[in-house]
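Inside the fold
Here is how the chains run, residue by residue.
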Amino acid sequence: MLLGVKLGEAMHGPRADEELPVWRTHVPRKVRWRSTRAMRTALRRGEMLGSGATRELERRFRESFDRHAVAVSSGMDGLELLLEHYGVGQGRTVLVPANCFPSIPALALRLGARLVAAQIDDVHLCLAPEACRREVLNDAPIVVWVHHAGMVGSAAMQSIMRLREAGCTVVEDCAYLLPDSAPAGGPGTWGDGAIFSFHQIKPMGAAGGGVVLTREGRVADGLAVRRSHSGQESRWQEGDVLFRGRELSEFAAAAAVERFVHRDEIRDRLRSLAEEYASSLARWLPPGRVPQDTWGRFTIRARSAGEAALLRKNLNLRRIRTNVMFAFPWTSHPAFSDVTQPNAPELTGLLRSNVCVPYHPGMRRRDARRVAAAVAEHSDSSRHTGH
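Residues numbered from 1 in each chain as written. Predicted model: local features only at pLDDT ≥ 70, side-chain atom pairs only at ≥ 80, totals over all residues. Heavy atoms only, no water.

In the nomenclature of an unreviewed UniProt entry, the protein corresponds to DegT/DnrJ/EryC1/StrS family aminotransferase from the organism Streptomyces coeruleorubidus. Looking at the Cofactor (unreviewed entry) heading of the UniProt record, one finds this comment for the protein: "pyridoxal 5'-phosphate". (UniProt positions renumbered as here; feature names shortened; annotations may be inferred.)

The following block contains the structure:
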């Protein structure tokens, strides 16, 4: 058993009466077998860091995306390396969408950035067009573009291109994206740099770790050197308090390689679920939000935060687990009290009205129909009670 996935679940999916989690990592038998063999090889050779599996992972990302690739111990470590390289420590402004996980703005703040919280698009939950206006970007900030839940479209590419043309440095957070068969020219290649994550709850979930993609080879070379603390003790003498080892273990790299190689199977499963949800939950999707097989979460929209809370309660009573992608803007946390929150009440209402329903490659279409039936039953009940 790898990553807590039972063979029966991987082959047949959850039973009709079983609890449906929002996300469960799916690891096919061939992936488990090949990952285990690679891990045994690393153990036998005594290669724990920076060896064959790490080089293979970087090679596959480099050739698939046509970008320079550097493997790191986590997506956040990759983001930290990029922000360090792009001069956050010199007080550069960092523009962050108001609905991202607080760890991103916390990292930027820790590195000495001037933080700006940006308004988000209410359909795709990414940076809104007004956040990309020239008057907002007059000091050419670093923009962290978060591809939330894989809701990626051509509008995102065009906005990122405009940001770069305006002199901004764009870092794409692709942690919730599942790369397609030919990712070159797609998400992860539009900005100056990008990060992917192999955390267990992500579409590429393996045993942890991540990969940084860059346009320029010299940038990648610098990141590769700085991910290791060995032989660079002089940086502590210079007062660098953040410097530490950020290398990917060979075990995590071996698991990530197999996930990347066999990602088409994950995509096929998610495509089937997306098709089922697109038809059965169409009225719960805002106009323009088109289901995709790259999504790492499936998010539907209720009419209000109150209705969304009632929907989550009713689904949970049926052993169908849900969550709010981001319950509050990150600016609502005390650590960011000095950062201006854009349209706070409206933004909070928007975030809390979006409900994440189960959507993972361990599911079958019958599980998606079970979810849709429960949502429909909730809708009927709400109409009869007047809620």
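**Examining the overall build of the protein**
Summing up its helical and strand segments, the protein has 13 helices and nine strands in all. Residues counted as buried form 56% of the 387 residues belonging to the protein. Sequence separation of 24 or more characterises 71% of the internal contacts of the protein that already satisfy a separation of 6 or more. Here the protein displays about 16600 Å² of accessible surface, and carbon together with sulfur accounts for 51% of that area. (Helix = DSSP H or I, 4+ residues; strand = E, 2+ residues; numbered from the N terminus. Buried < 20%, exposed > 50% of the residue type's maximum accessible area, 1.4 Å probe, protein only. Contact = heavy atoms within 4.5 Å. Areas by Shrake-Rupley, 256 points an atom, 1.4 Å probe, with all protein chains shown as cover.)

**Re the sheet that holds strand S6 (residues 193-197)**
Through backbone hydrogen bonds, the strands of a sheet pair up, either in parallel or in antiparallel fashion. If you walk across this open sheet you meet the seven strands as S1-S7-S6-S5-S4-S2-S3, and the pairing is mixed. The open sheet is flanked by strand S1 (68-72) and strand S3 (114-118), the only strands paired with a single partner. Direction aside, neighbouring strands of the sheet carry axes that sit 20° apart on average. Looking at chain direction, S6 and strand S7 (residues 210-214) are connected through five bridges and run antiparallel. Note that in S7 the partner of Ile195 across the bridge is Val212. (Pairing = 2+ DSSP bridges. Axes fitted to C-alpha atoms, helices over the stretch in contact; angles between N-to-C directions.)

**Here's the deal with the packing of helix H4 (residues 75-85) against helix H7 (residues 217-226)**
When two helices pack together, their arrangement is given by the angle between the helix axes and the distance between those axes. Close contact between H4 and H7 brings their axes to 10 Å; oriented N to C, the two are set at 120°. The angle between the axes of H4 and H7 places the two elements in the oblique class. The crossing of H4 and H7 is right-handed. From H4, Leu81, Leu82, Glu84 and His85 reach across to H7, where they touch Arg218, Val219, Leu223 and Arg226. Grouping the constituent residues of the contact of H4 with H7 by class yields four nonpolar, one polar and three charged. (Parallel < 35°, antiparallel > 145°, perpendicular 65-115°, else oblique. Left-handed = near helix turned anticlockwise from the far one by under 90°. Nonpolar A, V, L, I, M, F, W, Y, C, P; charged D, E, K, R; others polar.)

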